[in-house]
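# Fold and contact review
What follows is the residue order along each chain.
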Amino acid sequence: MPDDFEYRIFLRNEFMRAGLHGVIDELPQHAGSDLQSQISLFKQHKDEDLDEFSEKFECIHTEFDDPTECYDLIVRLIADTPAEPLFLAILQHLLCIRDDVLVRFVCCLFIF
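First things first, this report covers the structure right here in the doc. Every chain is numbered on its own, with residues counted from 1 as its sequence reads. Reporting in this predicted model follows two pLDDT cut-offs: at least 70 for local features of residues, and 80 or more for side-chain atom pairs to be given and counted; totals over whole chains, interfaces and linings ignore these cut-offs and use all residues. By convention in this description, side-chain values take in all heavy atoms of the structure and omit both hydrogens and water.

### Description of the packing of helix α4 (residues 67-78) against helix α5 (residues 83-95)
For clarity, the threshold we go by: Note on definitions: angles span 0 to 180 degrees between N-to-C directions of axes, and those axes are lines fitted to C-alpha atoms, for helices only across the stretch in contact. Strands here mean DSSP runs of E at least two residues long; helices mean DSSP runs of H or I at least four residues long; both are numbered from the N terminus. By the definition used in this description, the sense in which the near helix is turned from the far one sets the handedness, with an anticlockwise turn below a right angle giving left-handed and a clockwise turn giving right-handed. Only heavy atoms enter the contact rule, under which two residues are in contact if any of them lie within 4.5 Å. Under this grouping Gly is polar, as are all residues other than the nonpolar Ala, Val, Leu, Ile, Met, Phe, Trp, Tyr, Cys and Pro and the charged Asp, Glu, Lys and Arg.
At a closest axis distance of 9 Å, the pairing of α4 and α5 adopts a crossing angle of 150°. Considering the relative orientation of α4 and α5, their crossing is left-handed. Touching Y71, I74, V75 and I78 of α4 are A83, E84, F87 and L91, all from α5. Looking at side-chain class alone, the contact of α4 with α5 contains 7 nonpolar, no polar and 1 charged residues.

Spelled out as structure tokens, the structure:
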């Protein structure tokens, strides 16, 4: 496990974004004991890192798996800063993605 707390969060978020989020709760039912242990350890470290993150930023107590809570947190953190109009521009660009499943998929590939 990487020592850098922020790097661990980054890696964990990449795993979740790559598809683990949709299956992590179902995996233990179909996995052997080794995989069950790894999933349990993954979740335990996630909770520990969230506690450390909350301590680092005392005003932050949220669940990072919820897009609305993440959005609200970002808005609160950047309110009245130079980053606020940039964040708004990013959201406006995302809204411009055509309402076409294939186009949105390709746009997501460019973003991620």
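### Quick look at the packing of aromatic side chains
Operational definition: Stacked, tilted and edge-to-face pairs are distinguished by plane angle, under 30 degrees for stacked and over 60 for edge-to-face with tilted covering the rest, among Phe, Tyr and Trp rings (Trp via its six-membered ring) whose centres lie within 6.5 Å. Per-residue accessibility, obtained with a 1.4 Å probe over protein chains only, is compared with the maximum for each type, and a residue is labelled buried under 20%, exposed over 50%, and partly exposed between these values.
All told, the structure shown has 2 aromatic pairs when counted by the stated rule. Considering the side-chain rings of Y7 and F10, the 6.2 Å spacing of their centres and the 25° angle between planes classify their relative orientation as stacked. Of the two residues, Y7 and F10 are both situated in helix α1 (residues 5-17); the distance of 3 residues between them amounts to about one turn of the helix. The partly exposed category is assigned to Y7, whose relative accessible area is 41%. Taking relative accessible area as the criterion, F10 reaches 46% and is therefore assigned partly exposed.

### Points about α4
Our working rule: Expected helix span is taken as 1.5 Å per residue step, with the number of steps being one fewer than the number of residues.
Helix length check: α4, at 12 residues, gives a terminal C-alpha distance of 17 Å against a target of 16 Å (1.5 Å per residue), a fit within 8%. The first or second residue beyond α4 is D80, which carries a positive phi of 60°.

### Re a negative patch on the surface
The condition that has to hold: Within the patch definition used here, like charges are joined within 9 Å and nonpolar side chains (Val, Leu, Ile, Met, Phe, Trp, Tyr) within 5 Å, considering only residues with over 30% relative accessible area and no salt bridge. Throughout, the Shrake-Rupley method with a 1.4 Å probe supplies accessible areas, and for residues the shown protein chains are the sole cover considered. Each salt bridge in this description consists of a side-chain nitrogen of Lys or Arg and a carboxyl oxygen of Asp or Glu lying within 4 Å of one another. Working convention for charge: Lys and Arg count positive, Asp and Glu count negative, and His plus the chain ends are omitted. Working definition for charges: the position is that of NZ of Lys, CZ of Arg, CG of Asp or CD of Glu.
Residues D47, E48, D51 and E55 make up a contiguous surface patch of negative charge. Mapped onto the secondary structure, E48 falls in helix α3 (residues 33-56).

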